[in-house]
Amino acid sequence: MSRLLSTKDINFIKTLLENDSKKIEKIIIKKGSKDLRIQNIVSLAKKNSTKVITDKTERLEAYFYPKEMKDINFLETIIIKKKDPLLVVLDHIQDPQNLGSILRSSLGASVDAIIIPKDRACHLTPTVRKVSKAASEIIPVIVVSNLRNTIKILKKYSFEIYACSGEANKNYFEVGFTGPKVLIFGSEEKGIQKFLASEADEKIKIPIDSRLESLNVSNATSVILFEAKRQRI
């Protein structure tokens, strides 16, 4: 089992308790705390049989087993067990703040997995976990050696592939996101590599005011994912 990590973020702890409480080894709280948020955490912990320890220090802290990244074989599990999966492919995202934010939005939008490349990309760093507010511990992050080959495999399983690019002609709200879908988002500086974008069934964009060159990748991801969520409800 993975080595324990700790967090003092109450939102992180609450999200993990609500979604995968078995990952929490123990929670430490201040003895006699009257904080309603802390009391809510204690109630959730008791409901899930999570160990709670009280002491005299001014702290709330949880120790948890961090989620490990998956390999490409995990895709088979998703394809077989999930109905109409929604997958996100990140083409060499390197900023941990962006990756953490994308993970958080992905959890809110019911994404089934995030796919990232093995090299030249940010993985599950402490900053990513912190920014994600525990989404990193819930959504599978799949690391692959070759994004293009992975896309080709998914196309064989009837996934529709959408490349999200400012150079596209079609707006994101003009397409249907029901059924098995893959959304590709590019890196902060270079966007989606041309050879990868060429594998997409269609390119889509977010129409924005001409005075703004582009949206941050985490913001763009959030906009499109929640439209997909709306359509898939």
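Before reading further, recall that the structure is shown in the block above.
Remember, predicted model here, so these are calculated numbers, not experimental data. (Residues numbered from 1 in each chain as written. Predicted model: local features only at pLDDT ≥ 70, side-chain atom pairs only at ≥ 80, totals over all residues. Heavy atoms only, no water.)

Participant: Before we go on, may I ask you to explain the packing of aromatic side chains in this structure?
Facilitator: Aromatic ring pairs: the centre-centre distance and the angle between the two ring planes describe each pair. Following the criterion strictly, the structure yields 3 aromatic pairs and no others. Seen in terms of ring centroids, F12 and F64 are 5.0 Å apart; in terms of plane orientation they differ by 45 degrees. Their pairing is tilted. Separated by 52 residues along the polypeptide, F12 in helix α1 (residues 10-20) and F64 in strand β4 (residues 61-64) bring together distant segments of the chain. For the pair formed by F12 and F64, the shared burial category is buried. Note on Y162 and F177: the rings are 5.7 Å apart at their centroids and 65 degrees apart in plane angle, and the pair reads as edge-to-face. In this pair, Y162 is assigned in strand β8 (residues 160-164) and F177 in the loop between β9 (170-171) and β10 (181-186), connecting sequence segments 15 residues apart. Each member of the pair Y162 and F177 is classed as buried. One Lys or Arg, K26, reaches over the ring of Y63 and ends 5.2 Å from the middle of that ring. (Phe/Tyr/Trp six-rings, centres within 6.5 Å; stacked < 30°, edge-to-face > 60°. Helix = DSSP H or I, 4+ residues; strand = E, 2+ residues; numbered from the N terminus. Buried < 20%, exposed > 50% of the residue type's maximum accessible area, 1.4 Å probe, protein only. Lys NZ or Arg CZ within 6 Å of the ring centre and 35° of its normal.)

Participant: I tried to follow the pairing of strand β5 (residues 86-91) on my own but got confused; where do I start?
Facilitator: Remember that side chains alternate between the two faces of the sheet whenever the strand is regular. For β5, the buried fraction is high: 6 of the 6 residues fall into the buried class. Of the two faces of β5, the one holding L86, V88 and L90 and the one holding L87, V89 and D91 are both buried throughout. By the bridge criterion, 6 bridges tie β5 to β10 in an arrangement that is parallel. Across the sheet, residue V88 finds its bridge partner in β10, namely L183. (Pairing = 2+ DSSP bridges.)

Participant: Help me understand a nonpolar patch on the surface in this model?
Facilitator: Together, I208, L212, L215 and V223 line one region of the surface with nonpolar side chains, adding up to about 270 Å² of accessible area. Turning to its location among the elements, I208 is positioned in the loop between β11 (202-205) and α8 (217-232). On the basis of relative accessibility, which here comes to 32%, the residue I208 falls in the partly exposed class. (Patch = residues over 30% accessible without salt bridge, like charges linked within 9 Å, V, L, I, M, F, W, Y side chains within 5 Å. Areas by Shrake-Rupley, 256 points an atom, 1.4 Å probe, with all protein chains shown as cover. Salt bridge = Lys/Arg side-chain N within 4 Å of Asp/Glu carboxyl O.)

Participant: Would you take a moment to explain the layout of surface pockets for this structure?
Facilitator: Rolled over the atoms, a probe as big as a water molecule pinpoints where empty space is left. By volume, the largest pocket amounts to about 750 Å³. Along the wall of the largest pocket there are 29 residues; nearest its centre are C164, S165, G166, G191 and S214. At the level of secondary structure, the elements contributing two or more residues to the lining of the largest pocket comprise β10, α7 (194-197), β11 and α8. Here the lining of the largest pocket is composed, by residue class, of 11 nonpolar, 10 polar and 8 charged. (1 Å grid on protein atoms, 1.4 Å probe; cavity = no way out; pocket = protein on both sides within 12 Å on 5 of 7 lines; lining within 4 Å. Points joined across faces, edges and corners; volume = space filled by probe spheres on them. Nonpolar A, V, L, I, M, F, W, Y, C, P; charged D, E, K, R; others polar.)

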